[in-house]
Amino acid sequence: MTWALRRIGSDEADLSAVVAIVNTVNPEYPTSLEETTWGDATYPGAVRFLAEESGRPVGAATVGRIWMLPPEFDGLWATIDVLPEARRRGIGGAMYAAISETARERSKTTLFIDTQADRPQSVAFLEHRGFVETDRYRMVALDLRGLDPPVPAPPPGITITTLADRPDLLAAVYDIAVETYPDVPSSVEPMATGTYDEFVARDVDRPGMPRDAFFVAVDDAVGKAVGWASLLFKPGSSTVAYHDMTTVARAWRGRGIATALKRATIAWAIRHGLELLETGNDVSNAPMRAVNRRLGYEPRPDHIEFRGPLAAVAGSAAAG
């Protein structure tokens, strides 16, 4: 059976086809049309390709800026997804070549592609093309069904509120992000907060991120925000959410504030009928992984970030 690859734009039917393929291949990490259009509006420039057999979409690839790194960073984020029945026909390799050409046009020299440890075929596909593991995240989940909402129990002198109740804390929340995002473990380069407007669009007002589930810890003595934690609904779900971020300013760490903030998000999720919370941390982030263990989170397959070269230009000596 023959197939064809084409670059697509913003046509809703094409984008919906990409969403359907991604969600079939990666049900643990789904997307949605709303999430896709939000991402394009917030971070313009993503390029997508559809592979079709007899007019039926069977593969999708996306390449674009890594949101949490500066735009001048040398690499691009990418995805390659092929339906199981259409694999081993050269579709994945053709999409890899197509996204590589996009990166080359933008003067980039490397690609970052994620996969899960329980997907040996995906890992083999990447390693065969020279990709190497750069970061590994221990993924965990908490089954909320049957649980009572925990009491946040912050340390003395700390009050926990929400951005819904205290929108005036938003600037302070941004200041905490500027201080703490570079502390997030990464083998590439420190996480970039971006401008205030970028931060608010990405980490506060993103679809599926309710402000009444955005908890902020305030030091009563100085009236200052010192940490925060937020939830992000899994695209397309009303019962599963991610812990998007839990962070505490350096001078206030080690006092149990992160645990209290996480308990607050768990209590909110239980009261709002959620069934599952998911999160993950770099293998080197021992403090937050310990918090998750104490709160009862159970292991899931590791999430792995790979970094690799662009595909050789067709017909070049390197190609062979």
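Criteria and cut-off values
- Residues numbered from 1 in each chain as written.
- Predicted model: local features only at pLDDT ≥ 70, side-chain atom pairs only at ≥ 80, totals over all residues.
- Heavy atoms only, no water.
- Helix = DSSP H or I, 4+ residues; strand = E, 2+ residues; numbered from the N terminus.
- Rg over C-alpha atoms; globule rule 2.2 N^0.38 Å.
- Contact = heavy atoms within 4.5 Å.
- Buried < 20%, exposed > 50% of the residue type's maximum accessible area, 1.4 Å probe, protein only.
- Pairing = 2+ DSSP bridges.
- Right-handed = clockwise from strand over helix to strand, strands pointing away.
- Phe/Tyr/Trp six-rings, centres within 6.5 Å; stacked < 30°, edge-to-face > 60°.
- Lys NZ or Arg CZ within 6 Å of the ring centre and 35° of its normal.
- Core = buried A, V, L, I, M, F, W, Y, C linked by side-chain atoms within 4.5 Å.
- Polar contact = N/O pair within 3.5 Å; in protein donor to acceptor, adjacent residues only side chain to side chain.
- Axes fitted to C-alpha atoms, helices over the stretch in contact; angles between N-to-C directions.
- Parallel < 35°, antiparallel > 145°, perpendicular 65-115°, else oblique.
- Nonpolar A, V, L, I, M, F, W, Y, C, P; charged D, E, K, R; others polar.

A. Broad picture of the overall build of the chain. Each helix and strand in the chain was counted, giving eight helices and 13 strands. Taken against the 2.2 N^0.38 rule, which gives 20 Å for 320 residues, the C-alpha radius of gyration of the chain at 21 Å falls within 12% of a compact globule. Along the first, second and third principal axes, the C-alpha set of the chain runs to 65 × 40 × 35 Å. Sequence-distant contacts in the chain: of pairs separated by 6 or more residues, those separated by 24 or more amount to 70%.

B. Representation of the pairing of strand β5 (residues 110–116) within the structure. Where burial is concerned, most of β5 is hidden: six out of the seven residues are buried. The pairing of strand β4 (residues 75–82) with β5 spans four bridges and is classified as parallel. Along β5, the bridge assignment pairs leucine 76 with leucine 111. Since β4 and β5 lie parallel, the crossover through helix α3 (residues 91–105) that links them has a hand, and here it is right-handed. Where β5 and strand β13 (residues 303–309) come together, seven bridges link them in antiparallel fashion. In the strand pairing of β13, leucine 111 is matched with glycine 308.

C. Examining the packing of aromatic side chains more closely. Summed over all chains, the structure comprises 11 aromatic pairs. Pairing tryptophan 38 with tryptophan 67 gives two aromatic rings, centres 5.3 Å apart and planes at 80 degrees, and the pair type is edge-to-face. Taken together, the residues tryptophan 38 in helix α2 (residues 33–42) and tryptophan 67 in the loop between β3 (56–64) and β4 connect sequence positions 29 residues apart. Seen from their ring centres, tyrosine 174 and tyrosine 196 are 5.4 Å apart, and the 85 degrees between their planes marks the pair as edge-to-face. Separated by 22 residues along the polypeptide, tyrosine 174 in helix α5 (residues 170–180) and tyrosine 196 in helix α6 (residues 196–203) bring together distant segments of the chain. Here arginine 129 stacks its cationic end above the ring of phenylalanine 125, 3.7 Å away from the centre of that ring.

D. Spatial organisation of the nonpolar core. Ranked by internal contacts, the top residues of the largest apolar core, which has 36 residues, are Ile99 and Leu111. Where this core is concerned, the elements lending two or more residues are α1 (12–25), β2 (47–53), β3, β4, α3, β5, α4 (120–128) and β13. When neighbours within four sequence positions are excluded, isoleucine 99 is seen to be in contact with Phe49, Ala61, Thr62, Val63, Ala78, Ile80 and Leu111. Counting residues in hydrophobic clusters, the runner-up holds 28 residues, among them Ile158, Trp252, Ile257 and Trp268.

E. Representation of the side chain of aspartate 14 within the structure. You can see aspartate 14 is positioned in helix α1. Among the polar contacts listed, one links the side chain of aspartate 14 to the side chain of arginine 6, at a separation of 2.8 Å.

F. Representation of the packing of α5 against α6 within the structure. Two numbers describe how α5 lies on α6: the axes approach to 11 Å, and their chain directions differ by 95 degrees. In terms of axis orientation, α5 runs roughly perpendicular to α6. For the pair formed by α5 and α6, the contact residues are Leu170, Ala171, Val173, Tyr174 and Ala177 on the first element and Tyr196, Phe199 and Val200 on the second. Each residue belonging to the contact of α5 with α6 can be placed in one class, and the counts come to eight nonpolar, no polar and no charged.

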